[in-house]
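Remarks on the overall topology
Here's the letter readout for the chains.
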Amino acid sequence: MNGIPENEQFARLIASLEPWLASVVIIGGWAHRLYRIHPSAQQVAFVPLMTLDTDVAVPARLQVTGQDVRERLVANGFEEERLGRDNPPATHYRLGDTKTGFYAEFLTPLFGAGYRRDGKPKATRRIAGVVSQQLRHLEILLYAPWTVSIGRSNGFPFADPKQVQVANPASFLAHKVLIHDKRSRGKFAKDILYIHDTLEIFGARLREVSLEWDTRLKPRIHPKSVRKIERAATELFGQMNDEIREAAQMAGSRKISAEAVRERCNFGLKQIFD
């Protein structure tokens, strides 16, 4: 990862979040990238999927002493980009002094009714100064996170390594399963490739990931969601479909066959969730 500009941009986000690193969890594409430096990961030859944004899962409350999250982001060169008509409006926190388009989004779990008394959706809320989108099933990504150390030894510009929480790989996979029917075909195809690659990264430690599921995650998840997750290997990867074919095409120069994607996802999810 040495010399990669995205690492410097990500490091500025982490510097902004430093007072809350023990509370927030990196999810999405950047969690997937950071899996490669976790001690349980095995070396893989393929490059990680590229993403311009960093998704940050936050609990409903963050303690603030001094500057809040928004103020620290602004101090580190991030600018607010307001989107949509929600109140408060959904917001991207974009680095203003780069041309890469790097930005952060904050996400928090949605519990209970999805609408306010005035009939408007509970789409967003403000937490420690930043606008966070409220999403179903997001809480699973906050459960039992793993930690990675980032610093100069693995390509990040920190003299003193920072301990960053990332989504537990079992949570990462389970969340992809739970939201699949809300995703467009193209986004779910990309999710399939994320599932495939995560299983590859932790292929030698699937028993460890399965233990995480059984002991630290499954007891905290609604039984209906557990059943959906445990059926995913068969229901999503029991037979070939167009999304799997598209996922294989997204792998590009790696030239993975659609059948190989299907088989690996089917096998890996059974090893973890069955």
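Details of the structure are given in the entry above.
What counts, and where the lines are drawn
- Residues numbered from 1 in each chain as written.
- Predicted model: local features only at pLDDT ≥ 70, side-chain atom pairs only at ≥ 80, totals over all residues.
- Heavy atoms only, no water.
- Axes fitted to C-alpha atoms, helices over the stretch in contact; angles between N-to-C directions.
- Helix = DSSP H or I, 4+ residues; strand = E, 2+ residues; numbered from the N terminus.
- Parallel < 35°, antiparallel > 145°, perpendicular 65-115°, else oblique.
- Left-handed = near helix turned anticlockwise from the far one by under 90°.
- Contact = heavy atoms within 4.5 Å.
- Nonpolar A, V, L, I, M, F, W, Y, C, P; charged D, E, K, R; others polar.
- 1 Å grid on protein atoms, 1.4 Å probe; cavity = no way out; pocket = protein on both sides within 12 Å on 5 of 7 lines; lining within 4 Å.
- Points joined across faces, edges and corners; volume = space filled by probe spheres on them.

1. Considerations on the packing of helix H4 (residues 169-179) against helix H5 (residues 185-201)
The interhelical angle for the contact between H4 and H5, taken along N-to-C directions, is 155 degrees, at an axis separation of 10 Å. Taken together, H4 and H5 sit at an angle that is classed as roughly antiparallel. The interaxial crossing formed by H4 with H5 has left-handed handedness. Where H4 approaches H5, its residues Pro169, Phe172, Leu173, Lys176 and Ile179 are matched on the opposing element by Asp191, Tyr194, Ile195, Thr198 and Leu199. Counted by class, the contact of H4 with H5 contains seven nonpolar, one polar and two charged residues.

2. Description of the layout of surface pockets
Rolling a probe over the atoms, with the probe sized like a water molecule, indicates the empty space that remains. Here the largest pocket defines a volume of roughly 1000 Å³. Contributing to the lining of the largest pocket are 33 residues, with Leu135, His175, Lys176, Ile179 and Arg183 lying nearest its centre. For the lining of the largest pocket, the secondary structure elements donating two or more residues are helix H2 (28-34), strand E2 (53-57), strand E5 (103-109), strand E7 (130-135), H4, H5 and helix H7 (223-230). A class-by-class count of the residues in the lining of the largest pocket yields 12 nonpolar, eight polar and 13 charged.

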